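Each chain, written out:
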Amino acid sequence: MDRLKGIEVFVRAIRLGGLSAAARELSMSPAMAAKHLNALEQRLGATLVNRTTRRLALTEAGAAYLDKAERVLAELEEADAEAMAQSASVEGLLRVSGPAAFGNAYLVDLVTAFHALHPQVTIELGLNDRVVDLLEERWDVAVRIGKLADSNLVARKLAPVRMSICASPDYLARRGTPVSVDDLAAHDCLGYTLSGETGTTRWGFGADGSRPVAVRGSLHANNGQVLAKAAIAGMGLVYGPRFFVDCAIADGRLIELDLGTELIDLGAVHAVTHRTRRPAAKTRAWIDFLVERLPPMARQW
């Protein structure tokens, strides 16, 4: 029998004057209430109440147990109320993980706008390009880019991601403009060390990356913004998500290239969180906010 239910039956039966009254309040039959009380006494190895046809009388052990049992139930109700209040209110510490370059370009502004709407939320933003363990490292939400592997986490697609190959006008004036992937052998291709598809020795083409092209370059980095800045400075070609370079393309600091070959399909931006029946209100509010605000930003990508 359920231990807590037995304690509830015992306390309510004493306070309400009988097992029948306790059973009605707990939505069970009198016979089931009696079974719960019997199971509690058997577990304790003590008689808590002496039963007569008209009333229940506490034993000495029952009187001592009643006080402690009432305190336990009161503390449990208080804990339930606090948990429900936190779940219902958009407040508390929200821990958000995201990729470094994307975070610097977009998440910082989004976090600022979210906090203006929900000032009772304290936000911890962790930016790095490794895949964090949400449960072990206690992150509430992770923003991830790409095609997600199967997992026991819940993912919400926020926006598609388009790839781009760019170079600065100065670089193209000095080295010429490549018009096909075969031309890449004669160019400095800035390599992203965390990707096998846009890395230091080969770049993948075709939606699934099934057409690899050998490349070389004078700079390798583990951060997309670093590579974008190097390309703007005229150091070489950069191949990566368009959100790294959209502003530079818009103002002419970079020129987007067409090599006549389909670029790799990187997937999408996702919000990833724990699988739970009732996420905290702060988590739900943040994901809903991203669903509303991120797609308009992504139109320029």
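Look up a bit, the structure's there.
Residues numbered from 1 in each chain as written. Predicted model: local features only at pLDDT ≥ 70, side-chain atom pairs only at ≥ 80, totals over all residues. Heavy atoms only, no water.

Visitor: Explain unusual backbone geometry to me, using residue names and the numbers behind them.
Guide: The backbone of S27 sits at a positive phi, close to 55 degrees, despite the residue not being glycine. If you trace the backbone, S27 turns up in the loop between α2 (19–25) and α3 (30–44). Relative accessible area serves as the criterion here: at 68%, S27 is assigned to the exposed category. Located in the positive-phi region is R138, a residue other than glycine, with phi close to 65 degrees. Position of R138 relative to the elements: it lies in the loop between α6 (134–137) and β5 (141–146). For R138, a relative accessible area of 62% puts it in the exposed group. (Helix = DSSP H or I, 4+ residues; strand = E, 2+ residues; numbered from the N terminus. Buried < 20%, exposed > 50% of the residue type's maximum accessible area, 1.4 Å probe, protein only.)

Visitor: I'd like a description of the pattern of salt bridges, backed by residues and values.
Guide: Tallied over the entire structure, the rule returns 15 salt bridges. In this structure, R12 engages E25 in a salt bridge whose closest nitrogen and oxygen atoms are separated by 2.0 Å. Of this pair, R12 sits in helix α1 (residues 3–16) while E25 sits in helix α2, placing them 13 residues apart in sequence. Judged by its relative accessible area of 24%, R12 is partly exposed. By relative accessible area, which is 44% here, E25 ends up partly exposed. Linking E70 and R15 is a salt bridge whose minimum nitrogen-to-oxygen distance equals 2.4 Å. With E70 in helix α4 (residues 60–88) and R15 in helix α1, this pair connects stretches of sequence that are 55 residues apart. (Salt bridge = Lys/Arg side-chain N within 4 Å of Asp/Glu carboxyl O.)

Visitor: So what's going on with the sheet that holds strand β8 (residues 189–192)? Residues and values would help.
Guide: Taken together, five strands build an open sheet; the order of strands is β11-β8-β12-β7-β13 and the sheet is mixed. Looking at which strands have only one partner, the edges of the open sheet turn out to be β11 (220–221) and β13 (255–256). Sheet analysis places β8 next to β11, joined by two bridges and oriented parallel. If you follow Y192 over to β11, its bridge partner there is A221. (Pairing = 2+ DSSP bridges.)

Visitor: So what's going on with helix α8 (residues 224–232)? Residues and values would help.
Guide: Buried residues of α8: G224, L227, A228, A230 and A231, and no others. Down the axis, α8 shows its buried residues gathered within 160 degrees of arc, on one side only. Considering only its buried residues, α8 is in contact with α5 (100–117), β8, β11 and β12 (237–241). Where α8 begins, one side-chain oxygen reaches toward the backbone nitrogen of Q225, 2.9 Å away; that side chain belongs to N223. Once α8 ends, the next one or two residues include G234, with phi positive near 90 degrees. (Arc of directions from axis to C-beta. Contact = heavy atoms within 4.5 Å. Polar contact = N/O pair within 3.5 Å; in protein donor to acceptor, adjacent residues only side chain to side chain.)

Visitor: Help me get a handle on the pairing of strand β10 (residues 211–214), residues and values and all.
Guide: Bridge analysis of strand β9 (residues 202–205) against β10 gives four bridges, and the strand direction is antiparallel. Pairing of F205 across the sheet is with R211, part of β10.

Visitor: Explain the nonpolar core residue by residue, including any values.
Guide: With 25 residues, the main nonpolar core has F102, V269, W286 and W301 as its most contacted residues. Of all the elements in the fold, those that place two or more residues in this core are β3 (92–98), α5, β5, β6 (154–160), β14 (268–273) and α10 (281–298). Looking at which element gives the most residues to this core, the answer is α10, with seven residues. Residues in contact with W286, not counting those within four places in the same chain, are L94, V96, L107, L110, V111, F114 and V141. In terms of nonpolar packing, the next biggest core, distinct from the first, is built from 21 residues, A22, L26, A33 and L73 among them. (Core = buried A, V, L, I, M, F, W, Y, C linked by side-chain atoms within 4.5 Å.)

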